[in-house]
Number of protein chains: 2
Amino acid sequence: MAERLVVIGGDAGGMSAATNARRLDSDLEIVAFEKGNRTSFAACGIPYLVAGEIEQIDSLVARTPREFRDANRIDVRIEHEVTDVDLERRQVEVHDIPHGRSFRIGFDRLVIGTGARPIRPDLPGIDGEQIHGVQNLDDGARLLAYAEHSRCQKVVVVGGGYIGLEMAEAFVMWGADVTLVDGGPQVMRTLDPDMAAIVATALERHSIEVRTDVTVTGFEPGAVHTADGRIPADLVVLGIGVTPNSELAATAGLELGVAGSIRVDRRQRTSDAGVWAAGDCAESFHLVSRRPVHVALGTIANRQGRVAGINIGGGYATFPGVLGSAVTKVCSTEVGRTGLTEFEAERDGFRAVAATIESTTKAGYFPGTQPITVKLVAEAGSGRLLGGQIVGGEGSAKRIDTVAMAITAGLTVDELINVDLAYAPPFSPVWDPVATAARVVAAAVAAG
Amino acid sequence: MAERLVVIGGDAGGMSAATNARRLDSDLEIVAFEKGNRTSFAACGIPYLVAGEIEQIDSLVARTPREFRDANRIDVRIEHEVTDVDLERRQVEVHDIPHGRSFRIGFDRLVIGTGARPIRPDLPGIDGEQIHGVQNLDDGARLLAYAEHSRCQKVVVVGGGYIGLEMAEAFVMWGADVTLVDGGPQVMRTLDPDMAAIVATALERHSIEVRTDVTVTGFEPGAVHTADGRIPADLVVLGIGVTPNSELAATAGLELGVAGSIRVDRRQRTSDAGVWAAGDCAESFHLVSRRPVHVALGTIANRQGRVAGINIGGGYATFPGVLGSAVTKVCSTEVGRTGLTEFEAERDGFRAVAATIESTTKAGYFPGTQPITVKLVAEAGSGRLLGGQIVGGEGSAKRIDTVAMAITAGLTVDELINVDLAYAPPFSPVWDPVATAARVVAAAVAAG
């Protein structure tokens with residue numbers, strides 16, 4: 001009889017695992033349970049839906065349950081929540097939400113792709129209907145319906161990370177007055193303060209009021225309360241990070257790792273043989289700090305899911321780890337980062353040397369050329385590249401990929417200088433900004 | 001007494017060497033001779049000058065003789081042509097063009113940065129005033145003056161390489177009817193035929209008539225003669241490649257390398273101790289084929305010049321080699337390439353496995369997303385990445401840098417799959433097109 005793979009969660013981690021397992025094992029019976037009502041959705045698209053750049057929420061669905069059934073022979077059941085995992089009996093308990101009933105189903109192999117959820121701080125008024133997280137399309141639909149219904153004019157975004165920035169931009173485009181509140185001393189804690197300051201200036205230029213070092217103390221309809229006074233708010237977006245949905249795994253007895261994420265090895269195996277985890281619920285390994293980390297990003301979820309699926313299907317694959325690479329944009333300002341910041345490098349015990357350069361995205365004389373600032377961080381002595389940050393105009397952010405590639409390969413900044421990066425006036429100065437930054441850091445490393 | 005560095009050629013190779021030598025050796029006397037009347041110019045900008053995207057030819061001058069004198073204490077003499085190098089006496093003979101006189105000057109160290117010139121085939125009518133090469137700003141100024149004076153309506157571009165494509169685009173924007181003639185079976189010989197075909201289609205979509213397998217047999221005012229008949233032409237642009245200006249070096253007795261370029265080692269030293277060469281006149285080393293090559297590109301000239309200058313100034317630097325990375329665009333179609341094509345890999349003795357994928361430049365649902373085609377070439381068995389080619393809409397070409405970085409680092413396509421490339425909907429699909437291509441090639445490598 002065919003073995004059965006049960007998949008918990010219908011988004012990137014779980015469904016990438018399911019489709020990759022199917023490719024290698026055509027006999028496997030695959031059943032996937034998703035508690036929401038959509039599969040394989042691009043939650044990263046929500047800000048652009050609010051901004052009006054994308055019109056239909058369903059255009060964010062990469063693949064529907066029917067498509068999974070027809071193309072991959074995967075039996076996807078939406079609005080089915082897995083409520084218990086019994087590792088001893090190799091069964092899961094499933095709640096069929098629309099029919100209000102539960103059942104148990106056995107598995108031979110199991111993938112947990114339960115994702116993460118926005119952190120909701122335990123503050124007075126946190127359950128108000130005006131307060132929204134942005135983690136899945138159902139959140140997005142609710143937020144959009146609320147915004148339209150309430151014709152919101154004043155929006156407060158709590159938290160200055162990627163989601164916070166993108167939602168702030170979205171509501172500016174929507175036409176609201178937007179205040180971004182962060183409890184820390186800077187926006188974008190994944191950047192060093194000097195680079196974050198450029199982003200903050202850009203936010204203000206785009207009419208977003210930035211209030212750092214402001215602690216939120218509570219909410220009421222129409223306002224956010226802070227240690228620094230009351231801020232009017234028809235609608236509040238929470239962007240203070242996510243926490244992995246690992247309760248099911250923990251209750252089942254699976255080992256947890258950093259920040260409550262599910263511990264996995266390089267093949268995405270959990271502490272129970274035959275159970276894999278992938279995506280926002282699972283732990284990752286940082287390739288530079290060599291420490292376990294929790295990074296909730298769609299790219300990682302897809303890669304981890306693919307690796308889990310290949311291993312489930314009888315192949316062999318490993319996920320070596322992450323660099324925390326990310327790009328975002330706020331109106332015309334683009335941001336990219338990868339590896340360790342100068343702050344993180346020192347925190348993690350490296351002797352770091354950093355340099356920041358200013359250049360242009362195209363040849364300096366070329367029409368439409370934009371300023372770009374590149375910061376690179378290297379290890380003192382060896383000159384090994386540890387991280388990079390980029391802030392600039394159009395054409396800036398994705399240059400971070402060359403830095404990510406160089407870090408992955410263990411290149412030194414000296415080696416980076418001479419890499420044959422491509423040049424033509426509409427694309428770059430003759431010295432690509434990344435190579436220019438490498439020259440300056442290399443000189444700093446050489447100077448000791 | 002201070003030693004004297006003589007620099008032959010006032011563009012990227014020579015002047016990068018001069019400024020880098022100055023940085024390390026403040027006592028050095030530096031004299032640079034340039035036979036034209038501009039230094040440190042961005043010849044790559046000429047097409048955009050013709051297209052009207054750049055208005056002033058002088059905006060293509062990165063640094064004037066006066067700036068070199070004031071900022072770097074380099075004595076630059078324009079309109080001075082070095083006519084002989086006497087290695088025995090350590091002297092060069094210089095012709096002062098405006099004054100019509102010659103003199104000799106001694107050197108302790110010498111850099112040759114004489115560049116390259118467009119190949120002018122020995123055909124009837126080749127010396128017609130309507131026939132233009134595009135190698136330096138004087139060429140550009142002449143071409144522009146001729147085009148304006150003759151109000152040219154019909155332009156024939158001979159040669160479908162980078163310069164040919166860019167000049168074809170430029171004259172379309174200028175408002176002329178443009179025919180691109182190539183003696184070979186495809187445009188862009190640095191791409192495989194399948195990728196070149198996409199470029200040819202784009203050229204035709206942009207109203208450029210493409211005629212491949214057509215041999216030019218001669219020129220007359222108003223027409224180009226070909227084996228396939230006469231093509232009307234008010235103006236002809238030659239884009240059939242360049243040949244290094246190495247006659248001076250050869251006559252002096254310096255060893256030449258591939259395609260007549262000046263042989264250099266990894267420190268840019270010629271066969272004579274104390275004489276360096278850098279830029280379009282010098283040989284390079286191909287990092288994948290491990291063979292000497294001649295690549296005439298501004299990026300290489302700058303890098304080689306920097307390495308020569310550091311060594312001249314008493315430091316230590318090496319130029320490891322090139323990948324033939326290049327980007328260009330024809331109207332809205334972008335092209336990037338690096339490393340070996342499938343054809344080149346097989347020619348050079350590799351067992352190659354290639355795959356081509358189609359994707360989008362942004363998330364598929366994001367407004368303004370453009371098609372992108374990525375071809376990757378890997379070594380059979382090992383899976384080592386050998387080369388990449390990209391053709392697509394805006395945002396495509398510079399992604400080739402991640403491929404260049406991966407090849408330089410010796411990554412396999414399997415390793416490339418999991419590199420933490422950055423993602424957000426305005427920048428990329430969740431699987432970056434380069435990573436998607438890596439997945440498909442890796443599967444082909446695994447399948448043997």
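About the thresholds
- Along each chain, the written sequence defines residue order, and numbers are assigned to residues from 1.
- Chains carry letters and ligands carry numbers; both start at the beginning, A for chains and 1 for ligands, and go up in the order they are written.
- Totals for whole chains, interfaces and linings use every residue, but because this is a predicted model, local features are given only for residues with pLDDT of at least 70 and side-chain atom pairs only at 80 or more, for both listing and counting.
- Strand pairing is assigned whenever DSSP detects at least two bridges linking the two strands.
- Comment: elements are numbered from the N terminus, with helices defined as DSSP H or I runs of at least four residues and strands as E runs of at least two.
- Whether two residues are in contact is decided by their C-beta atoms, placed from the backbone, lying within 7 Å.
- Working convention: axes come from line fits to C-alpha atoms, limited for helices to the stretch in contact. Angles between N-to-C directions cover 0 to 180 degrees.
- For the least-squares superposition of copies, only C-alpha atoms count, and only for residues with pLDDT at least 70 in both.
- Each crossing is labelled by how the near helix is turned from the far one, with a counterclockwise turn of less than a right angle marking it left-handed and a clockwise turn marking it right-handed.
- As a working rule, the residues Ala, Val, Leu, Ile, Met, Phe, Trp, Tyr, Cys and Pro are called nonpolar, Asp, Glu, Lys and Arg charged, and the rest polar, with Gly in that last group.
- Three exposure classes are used. Buried residues have 20 or more other C-beta atoms within 10 Å of their own C-beta, exposed residues have 12 or fewer, and partly exposed residues fall in between, all C-beta atoms being placed from the backbone.

### Topic: the sheet that holds strand 16 (residues 235-238) of chain A
All names here are of chain A. Taken in spatial order, the five strands of this open sheet run 9-16-10-11-12, and their pairing is parallel. Edge positions in the sheet fall to strand 9 (131-132) and strand 12 (208-211), since each has one partner strand and no second. Pairing geometry for strand 10 (residues 154-158) and strand 11 (residues 177-181), over five bridges, is parallel. Each residue of the ladder has a partner; that of Val155, found in strand 11, is Val178. Those strands touched by helix 5 (residues 162-174) are strand 10, strand 11, strand 12 and strand 16, and its axis lies near 165° from that of strand 11. Helix 6 (residues 193-205) rests against strand 11 and strand 12 of the sheet, and its axis sits at about 140° to strand 12.

### Re the environment of A:Thr369
Residue and element names in this part refer to chain A. Mapped onto the secondary structure, Thr369 falls in the loop between strand 23 (352-360) and strand 24 (371-379). In this structure the C-alpha to C-alpha distance between Thr369 and Glu394, which are 25 residues apart in sequence, comes to 8.6 Å. Residues in contact with Thr369, not counting those within four places in the same chain, are Thr360, Thr361, Lys362, Ala363 and Gly364.

### Focus: the sheet that holds strand 25 (residues 385-392) of chain A
All names here are of chain A. Pairing is antiparallel in the open sheet, where five strands are placed in the order 21-22-25-24-23. Either end of the sheet is taken by a strand with one partner, and the two such strands are strand 21 (326-330) and strand 23. With strand direction ignored, the average angle separating the axes of adjacent strands in the sheet is 15°. Sheet analysis places strand 24 next to strand 25, joined by seven bridges and oriented antiparallel. Residue Ala378 lies in a different strand from strand 25, and its bridge partner there is Leu385. Across the sheet, helix 6 touches strand 21, strand 22 (333-339), strand 23, strand 24 and strand 25, and the angle it forms with strand 25 is around 20°. Docked against the sheet, helix 12 (residues 433-446) engages strand 23 and strand 24, running at close to 145° with respect to strand 23.

### Observations regarding the relation of the copies chain A and chain B
Rotating chain A by 180° and translating it 0.0 Å along the rotation axis places it on chain B, where the RMSD comes to 0.0 Å. As the rotation angle and translation indicate, the two copies are arranged about a two-fold axis. By C-alpha distance to the rotation axis, the residue of chain A lying nearest is A:Thr402, at 2.4 Å. Both copies share a contact surface, since 100% of the interface residues of chain A are interface residues in chain B too.

### Remarks on the packing of helix 1 (residues 12-24) of chain B against helix 8 (residues 298-312) of chain B
All names here are of chain B. Two elements in contact, helix 1 and helix 8, have axes whose closest approach is 7 Å; the angle formed by their N-to-C orientations is 35°. The element helix 1 and its partner helix 8 pack so that their crossing is right-handed. Contacts from Ala12, Gly13, Gly14, Met15, Ser16, Ala17, Ala18, Thr19, Asn20, Ala21 and Leu24 of helix 1 reach helix 8 at Gly298, Ala301, Asn302, Gln304, Gly305, Arg306, Ala308, Gly309, Ile310 and Ile312. When its residues are assigned to classes, the contact of helix 1 with helix 8 shows ten nonpolar, ten polar and one charged.

### Details of unusual backbone geometry
Positive phi, close to 55°, is recorded for A:Asp213, a residue that is not glycine. Looking at the element boundaries, A:Asp213 is found in the loop between strand 12 and strand 13 (216-220).

### Comments concerning the pairing of strand 7 (residues 109-112) of chain B
Residue and element names in this part refer to chain B. Residues Arg109 and Val111 point to one face of strand 7 and Leu110 and Ile112 to the other, with burial holding for every one of them. Taken together, the four bridges between strand 1 (residues 4-8) and strand 7 define a ladder with parallel strand orientation. Bridge pairing in strand 7 links Val7 to Val111. As defined by bridge partners, strand 7 adjoins strand 18 (residues 275-277) across three bridges and the pair is classed as parallel. For Ile112, the partnering residue across the bridge sits in strand 18 and is Ala277.

### Quick look at the pairing of strand 22 of chain A
All names here are of chain A. Strand 22 sits mainly inside the fold: seven of its seven residues count as buried. Alignment of strand 21 against strand 22, held across five bridges, turns out to be antiparallel. Paired with Ala326 across the two strands is Arg337, which belongs to strand 22. Where strand 21 folds back on strand 22, the antiparallel hairpin that results is connected by two residues, among which Cys331 adopts a positive phi of roughly 50°.

### Quick look at the interface of chain A and chain B
Taken residue by residue, the interface counts 51 residues in chain A and 51 residues in chain B. Secondary-structure elements contributing two or more residues to the side of chain A that touches chain B are helix 8 (298-312), strand 21, strand 22 and helix 10 (400-408) of chain A. In terms of residue count, helix 10 of chain A provides more of the side of chain A that touches chain B than any other element does, seven residues in total. Class assignment for the residues of the side of chain A that touches chain B results in 32 nonpolar, 13 polar and six charged.

### Points about the environment of A:Ile310
Residue and element names in this part refer to chain A. The residue Ile310 is located in helix 8 in this model. Assessed through the 20 C-beta atoms surrounding it within 10 Å, Ile310 is described here as buried. As a C-alpha pair, Ile310 and Arg22 span 288 residues in sequence and 8.8 Å in three-dimensional space. Setting aside residues no more than four positions away along its own chain, Ile310 makes contact with Asn20, Leu24, Gly315 and Ala317.

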